[in-house]
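Summary of the model geometry
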Amino acid sequence: MNAQGFDRQVFNFNPDWKFQTGDAPKAAQMNFDDANWTSVSLPHAYNQEEAFKVSIEELTTGIVWYRKSFKIQQEFEGKKVFIEFEGIRQGGEIYLNGEKIGLHENGTMAFGFDLSEKIKFGNQENVIALRIDNSWDYRQKSTNATYRWNDKNFNANYGGIPKNVKLHITAKTYQTLPLYSNLETTGVYVYAKDFNIADQKATIHAESEVKNESNEAKTLQYEVILENADGKEIAKFASENIQFQPGEQKIIQAEKAVENLQFWSWGYGYLYTVKTRLLEKNQLLDEVKTRTGFRKTAFKNGMVYLNDRVLQMKGYAQRTSNEWPAVGLSVPPWMSDFSNHLMLESNANLVRWMHTTPWKQDVESCDRLGLIQAMPAGDSEGDSKGNHWKQRNQLMRDAIIYNRNNPSIIFYECGNEAISEPHMHEMKSIRNTFDPYGGRAIGSREMLDSQEAEYGGEMLYINHSADIPMWATEYSRDEGLRKYWDEFTPPFHKEGDGPLYKENPATSYNHNQDAHAIENVVRWFDYFEARPGTGNRVSSGGVNIIFSDSNTHHRGEENYRSSGEVDPMRIPKDNYFVHQVMWNGWVDIEEHSSHILGHWNYKEGTVKNEYVVATGAKVELFLNGKSLGFGKQSHQFLFTFENIQFEPGILKAVSYDADGNILSESTKKTAGEPKEIRLQLRTAPNGLLADAADIALVDVEVVDKNGNRCPVDHSEITFELSGQADWLGGLADGTNNNILSKKLPVINGINRVMFRSTTEAGKIKLKAKAKAKGLKSAQISLNSVPFESTNGLSTQFPGADLPLNLERGPTPKTPSYSKKRETIYIANATAGANQEETYHTYDDNELTEWTNNGKINTGWIEYEFAKPVTASQCVIKLTGWRTKTYPIRITAKDQVLFEGETWQSLGYITIPLEKVETDAIKIALIGANTEADAYNEIIEVDPTKELDLYKDKKAADAKGQLRIVEIEFYE
């Protein structure tokens, strides 16, 4: 209690729960005997131990009950008591002291209840019980509609209460919670405006929805205190006195211009604490602490601006479950930071959570780290109608209200495919109602010609724009396991070998690491080539699907998706390091680096291609100090050295600029014979908390006598765990993917295991022994840290003391790109047919096109410029870009600038032109089209997809058509 008035209390409600699978009709009753139920601490999914053990569609579903007994101190009697669930899966009926208090069903979003009138105080026991159904076919009680995002492809079904729960106790005049479902309240809203980035100034605005549930009129003052990351007060401001009648509910606000601000940025998770306070005659009635950051955004000219600097989006489309083996999504906050920070370390700046709203723990993790988020509401594929659309609307409303103070959220995603303009308008209206000043763009996948969406972008394909930013929502969907280096390394996996997928060869889903990494270089190049600075119409980047291998829809040999840049235990594949190299800058490369794919531990006589990914203009390879020459460059970043013969020692790659200056170096070293096991413990900064929910990670390596990892070793390790911890294990090839097994091989010299704390603090010891003779064992020990909980409540919140990541520093003041070429603007065009449609080829709209009438002699179009220019490049998007080849001639006043066949692409191609000064350029079809899908291994894309062929499925058979979507010319 505060000496001046009531001090709002927030309790960790995670401890001391019990659960049982199967229905128990009387479990809501207070006197129900749950002595034989399983004791757990939240967050906890009842089937979480199946994560990665079984395929997504085999995860256990059905009815489960959770119960908890707790007591509330007598001093809180007469106050307001609220419970906040961050989410349950899928639908749950909630009971308090035998009485049903509500229902929640969407399986994704946070919700709350007012317990004030039903709670017992003092030494009286309260019992809360939840009956939860996580069936795949769960239907909304009021409408009998399913939830489309309760989907067996992408939304791993970890049932129960897999997220955190809190208890809030407030005075009867209070600031509401941001929990619209059930409570229908909106809480606190903090934002900055009137930015002056250069001078570090902005106006800080705070507002709170306030309820006066007392029986008296109140005269209140709204006070705001701004504290920096060090806890120092840097600003204080207040409103005038405000009158509240009994029962009145309204929004009050205050704002002030503040100097010397640190702006939240990529890799600079600078956060402030904003204390919003209700005062009556200088007596504190209520105080809410909101942790937030301030940043300026803009979405224009086809680009994303953060703090006045252009940022090309680079990152991952990650499953919202963000799951781990044997625990699913229910990990402690420090592990969310660990996983999400790895994205940052790969130089990603964006995570696009897929299909459903991320849970608050991941949202807050990205705040701390400086990792931008795209936040969906809930969706499967495509638009919705009827009750399904209402569900999506309501979820977006709730998610925006709950997450609008989190600075890392910069995009709101309305759908995993395009939605109608009226639906986009509805979503935009929700954003404008509840978050009009948060600096967030709202849009959807595709939406290429939308007048409502504020960003768009397709899956796989490359889009250019001079208007709203277009970034690819999923641009590389191949798969490959970490255990396969290449064809020359045990287990000697032939590239592409694996089971069929939908009765077709699935080579793209059974890659070796080197092939998978190369594919990611190829796929990123299209976006890099069209980055800001390359013209008027640019690509705003894209996100690679996915970051970590996921217990979701899979196509390769395992029962989980292996598209990740890291494996399920977050151990990097070569893909990871490739992205570190290619993404090293806001737009242009700002720090040079290089990476040699694979390892350097082969059998004598092995001859193979070596690959280096580097940011330089050329790369030279050295073996034990001897030059092996320069590599062949392709796709900007890839350098291939053919037929390199293995010799033990040091392989070194040196990357140079065009003038021969060294930009970066990287090496691979031959490791010696395996000699010992090495263990590395990873915990939260303050150690392993004995709350029965915290987890420790242990890296397990096999190393040689000099401590070098042995990258071709697959030794089986046996683990012995003793003390106050429960074994969770890791993942590897074997029965049930070795989930929960205490025997686990290293994979390419390394693996990672986990154990969870118990409710008792004490000593924990882990021993690791090898089956192989001569491999020295290892052990680690630690003491878990006490966790205090009384009567089911705790004031300790795991993650409350996690550090902010400030590694990158504030947004640089220098430009993020240089201008690479000059755009030549088209003034007019004439054509051999359909003259009225020629404008479609330069209207900055990829859903319009020009085509001739199907006769080769009418397949021409001539572009006129406002003045004579010297064009060096033609960038063109031709209809059927994946499949069609067009024989064309490009001329200027009968001088041939290019003649030949176009090539297939995932969008645009760049055609080099002979340089000549001219005020017009003509493109003409000079032969019949040919048809051959260059991307037939991307078999989940329909080769006659409407978008490819503009709703003209007969176009695949057309032979005399010239069809242009967009064209650009550059000097």
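For the structure itself, consult the block above.
Residues numbered from 1 in each chain as written. Predicted model: local features only at pLDDT ≥ 70, side-chain atom pairs only at ≥ 80, totals over all residues. Heavy atoms only, no water.

With respect to topology, five strands assemble into an open sheet ordered β48-β50-β56-β53-β54, the strand pairing being antiparallel. Strands at the two margins of the open sheet, each flanked by one partner only, are β48 (826-831) and β54 (895-901). Sheet twist, expressed as the mean angle between neighbouring strand axes with direction ignored, is 20°. Here strand β50 (residues 860-870) pairs with strand β56 (residues 917-925) via seven bridges, running antiparallel. Counted as the bridge partner of V869 is T918 from β56. (Pairing = 2+ DSSP bridges. Helix = DSSP H or I, 4+ residues; strand = E, 2+ residues; numbered from the N terminus. Axes fitted to C-alpha atoms, helices over the stretch in contact; angles between N-to-C directions.)

The next point concerns the environment of N857. Along the polypeptide, N857 turns up in the loop between β49 (850-851) and β50. Separated by 70 residues in sequence, N857 and G927 have C-alpha atoms that sit 9.2 Å apart.

A few words on the pattern of salt bridges. When the charged atoms of two side chains with opposite charge come close together, those side chains can pair. The tally for this structure, following the rule as stated, stands at 55 salt bridges. Between E213 and K80 there is a salt bridge, and its shortest N-O distance comes to 3.0 Å. Of this pair, E213 sits in the loop between β15 (201-212) and β16 (218-227) while K80 sits in strand β6 (residues 80-85), placing them 133 residues apart in sequence. By relative accessible area, which is 31% here, E213 ends up partly exposed. Across the salt bridge formed by E701 and R709, the nearest N and O atoms sit 2.7 Å from each other. When salt bridges that share partners are traced, they join R352, E381, E413, E417, R445, E474 and R477 into one network. (Salt bridge = Lys/Arg side-chain N within 4 Å of Asp/Glu carboxyl O. Buried < 20%, exposed > 50% of the residue type's maximum accessible area, 1.4 Å probe, protein only.)

It is worth spelling out the packing of helix α5 (residues 513-529) against helix α6 (residues 574-582) at this point. Where α5 contacts α6, the axes come no closer than 8 Å and their chain directions differ by 30°. As the angle between them shows, α5 and α6 are arranged roughly parallel. In this structure, α5 crosses over α6, and the sense of that crossing is right-handed. Residue-level contacts link Q513, H516, A517, N520, V521 and W524 of α5 to D574, N575, V578, H579 and M582 of α6. (Parallel < 35°, antiparallel > 145°, perpendicular 65-115°, else oblique. Left-handed = near helix turned anticlockwise from the far one by under 90°. Contact = heavy atoms within 4.5 Å.)

The next point concerns the packing of aromatic side chains. Across all of its chains, the model carries 45 aromatic pairs by this definition. Put simply, the rings of Y316, Y475, W524, Y527, F547, Y576, F577 and W583 touch in pairs and so form one group of aromatic residues. Across from the ring centre of W266, 3.6 Å away, lies the NZ or CZ of R808, which sits over that ring. Here the basic side chain of K922 rests over the ring of W860, its NZ or CZ set 4.6 Å away from the ring centre. (Phe/Tyr/Trp six-rings, centres within 6.5 Å; stacked < 30°, edge-to-face > 60°. Lys NZ or Arg CZ within 6 Å of the ring centre and 35° of its normal.)

Attention now goes to the environment of H554. One can find H554 in the loop between β30 (541-545) and α6. For H554, a relative accessible area of 22% gives the class partly exposed. Note: C-alpha distance between H554 and N153 (401 residues apart in sequence) is 8.3 Å. Those residues in contact with H554 that sit more than four places away from it in its chain are S55, E479, Y501, N559, Y560 and R561. One polar contact links H554 to S55, side chain to side chain, over a distance of 2.9 Å. (Polar contact = N/O pair within 3.5 Å; in protein donor to acceptor, adjacent residues only side chain to side chain.)

Following both chains from N to C, one finds helix α3 (residues 386-403) and helix α4 (residues 421-434) inclined at 25°, their axes separated by 10 Å at the closest point. Classified by the angle their axes make, α3 and α4 are roughly parallel. The hand of the α3/α4 crossing is right-handed. In contact with W389, R392, N393, M396, R397, I400 and I401 of α3, α4 contributes H423, E426, M427, I430, R431 and F434. When its residues are assigned to classes, the contact of α3 with α4 shows seven nonpolar, two polar and four charged. (Nonpolar A, V, L, I, M, F, W, Y, C, P; charged D, E, K, R; others polar.)

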